[in-house]
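Descriptive analysis of the structure
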Amino acid sequence: MVLYPLVRPLVFALDAERAHRLTIRALRAIPPGEPSREDRHLAIRVAGLDFPNPVGLAAGFDKDAEVHRQMLGFGFGFVEVGTLTPRPQPGNPKPRLFRLAADRAVINRMGFNNRGFEAAKPRLAGRRGLVGVNFGANKDSADRIADYVAGVREMAPFADYLTVNISSPNTPGLRELQDEGALRELLAAVGEARTAAPLFLKVAPDLEPREMDAIARAAIEAGMDALIVANTTVSRPPLRSRRASEAGGLSGAPLKDLALRRLRDFRAATGGAMPLVAAGGIENGVDAYDRIRAGASLVQLYTALVYQGPGIAEAITGELRTLLKRDGFATLAEAVG
Ligand SMILES: Cc1cc2nc3c(=O)[nH]c(=O)nc-3n(C[C@H](O)[C@H](O)[C@H](O)COP(=O)(O)O)c2cc1C
């Protein structure tokens, strides 16, 4: 972990997807550490689950549920695997993953490359710590809603929570499931299939106020347990890197302001009726704390891990403890919103 600053130039010399594959392979080879123990100040109960700390690994890093134990061992309070689809699929043509180092950002158009539900099940069966399973629809699916229902039915026994992902920009038409009529139909079907595992809904940051109100209402009425705000953006704030005009979803530092604004919008739209999970451009304890103060009960990150290495989870939890103490909060829950 402490070696990451030394290893990073080697990793960054490789094509981004190759570097990611090698990272997963290297992580698989190391024995997993123990999941975090409950932190007296940072532990929080959300959707009936006891999170040892609020800092999670966002979906997309461990798509096939290969290294969740190792990542939990680095101090993440929870790990979200996936996106998984019912059947394996190759994703989009390469190259499809780009580092924008000058912007501390990434652009990806992976397109849900993954080995499918079946391959992930045995890897999740012996899980320790809190693991969420994020799922979506196959690109060539004839019935997308049926794919999501299959996600709930098949993956619930292998997950502490489930995430309905309707916000990837890289599967054509997927985000249209955020439209009110389609969303209500989807959430009704998913709700009917639900078991004990809590259901989270992950939304895009590229939404109008009217759309956010409709999503918030539909999610509350369908009894969803939390909203994850947000996925990558198709917008392009000013960027310095050469790769800025690649198609796909942008993540990392340039997403920070937009993701925070969207979190505030969803806090207002839900009126606190539903827990919120913040993602997008979180790089340090101050960013995490800003989201918590804005209404998030949990945070997730992915891109900052690429730039800072696996020590980031412990760095952020350490900073969060200091910030809570500074502001006189005995527990994280007191600081939410
Ligand atoms: C390479 C890459 C792949 C991703 N794949 C997924 C995915 O499969 N499913 C998903 O819900 N989000 C995916 N995401 C989005 C992240 O989970 C997260 O919402 C987003 O990147 C914003 O957080 P960040 O700025 O900390 O990276 C991916 C992000 C990146 C960078």
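The structure under discussion appears in the preceding block.
Now for a description of the structure that goes with this document.

Thresholds applied
Residues numbered from 1 in each chain as written. Predicted model: local features only at pLDDT ≥ 70, side-chain atom pairs only at ≥ 80, totals over all residues. Heavy atoms only, no water. Helix = DSSP H or I, 4+ residues; strand = E, 2+ residues; numbered from the N terminus. Rg over C-alpha atoms; globule rule 2.2 N^0.38 Å. Buried < 20%, exposed > 50% of the residue type's maximum accessible area, 1.4 Å probe, protein only. Contact = heavy atoms within 4.5 Å. Areas by Shrake-Rupley, 256 points an atom, 1.4 Å probe, with all protein chains shown as cover. Pairing = 2+ DSSP bridges. Axes fitted to C-alpha atoms, helices over the stretch in contact; angles between N-to-C directions. Parallel < 35°, antiparallel > 145°, perpendicular 65-115°, else oblique. Left-handed = near helix turned anticlockwise from the far one by under 90°. Near = heavy atom within 4 Å. Polar contact = N/O pair within 3.5 Å; in protein donor to acceptor, adjacent residues only side chain to side chain. Salt bridge = Lys/Arg side-chain N within 4 Å of Asp/Glu carboxyl O.

**Considering the overall build of the protein**
Secondary structure assignment for the protein yields 12 helices and 13 strands. Computed over the C-alpha atoms, the radius of gyration of the protein is 18 Å, within 12% of the 20 Å expected from 2.2 N^0.38 for a compact globule of 337 residues. Based on the C-alpha atoms only, the size of the protein along its principal axes is roughly 50 × 50 × 45 Å. Relative to its 337 residues, the protein shows a buried fraction of 57%. Of the contacts made within the protein by residues no fewer than 6 positions apart, 74% connect residues no fewer than 24 positions apart. For the protein, the exposed surface amounts to about 13800 Å²; the carbon and sulfur share of it is 52%.

**Thoughts on the sheet that holds strand 5 (residues 97–100)**
Read across the open sheet, the 3 strands follow the order 5-6-11; overall the sheet is antiparallel. The sheet is open, and its two edges are formed by strand 5 and strand 11 (249–252), each paired on a single side. Direction aside, the axes of adjacent strands within the sheet are offset by 20° on average. Across 4 bridges, strand 6 (residues 105–108) lies against strand 11 in antiparallel orientation. Directly across from Ala105, in strand 11, lies its bridge partner Gly252.

**Describing the packing of helix 4 (residues 116–125) against helix 5 (residues 144–155)**
The angle between the axes and the distance between the axes are what describe a pair of packed helices. It is at 11 Å that the axes of helix 4 and helix 5 come closest, and there the two elements cross at 25°. Relative to helix 5, helix 4 is oriented roughly parallel. The two elements helix 4 and helix 5 cross, and the hand of that crossing is right-handed. The residues of helix 5 that touch helix 4, namely those facing Phe117, Glu118, Ala120, Lys121 and Leu124, are Asp147, Ala150, Gly151, Glu154 and Met155.

**Notes on the site of the ligand**
In the vicinity of the ligand there are 23 residues, among which Ala59, Thr83, Lys202, Gly281 and Thr303 approach most closely. With respect to the ligand, the side chain of Thr303 contributes an N or O atom lying 2.6 Å from an oxygen atom. Expressed as a share of its isolated accessible area of 600 Å², the protein-covered part of the ligand is 97%. Where the shell around the ligand is concerned, the elements lending two or more residues are strand 4 (78–84), strand 6 and strand 11.

**Some details on the pattern of salt bridges**
Per the stated rule, a full pass over the model turns up 21 salt bridges. Ionic pairing is found between Arg128 and Glu34, a salt bridge with its closest N-O pair at 3.0 Å. Taken together, the residues Arg128 in the loop between helix 4 and strand 7 (131–135) and Glu34 in the loop between helix 2 (16–29) and strand 1 (44–46) connect sequence positions 94 residues apart. Judged by its relative accessible area of 38%, Arg128 falls in the partly exposed class. On the accessibility criterion, Glu34 (54% relative accessible area) is exposed. When salt bridges with common partners are traced through the structure, they connect Arg28, Asp64, Glu66 and Arg115 into a single cluster.

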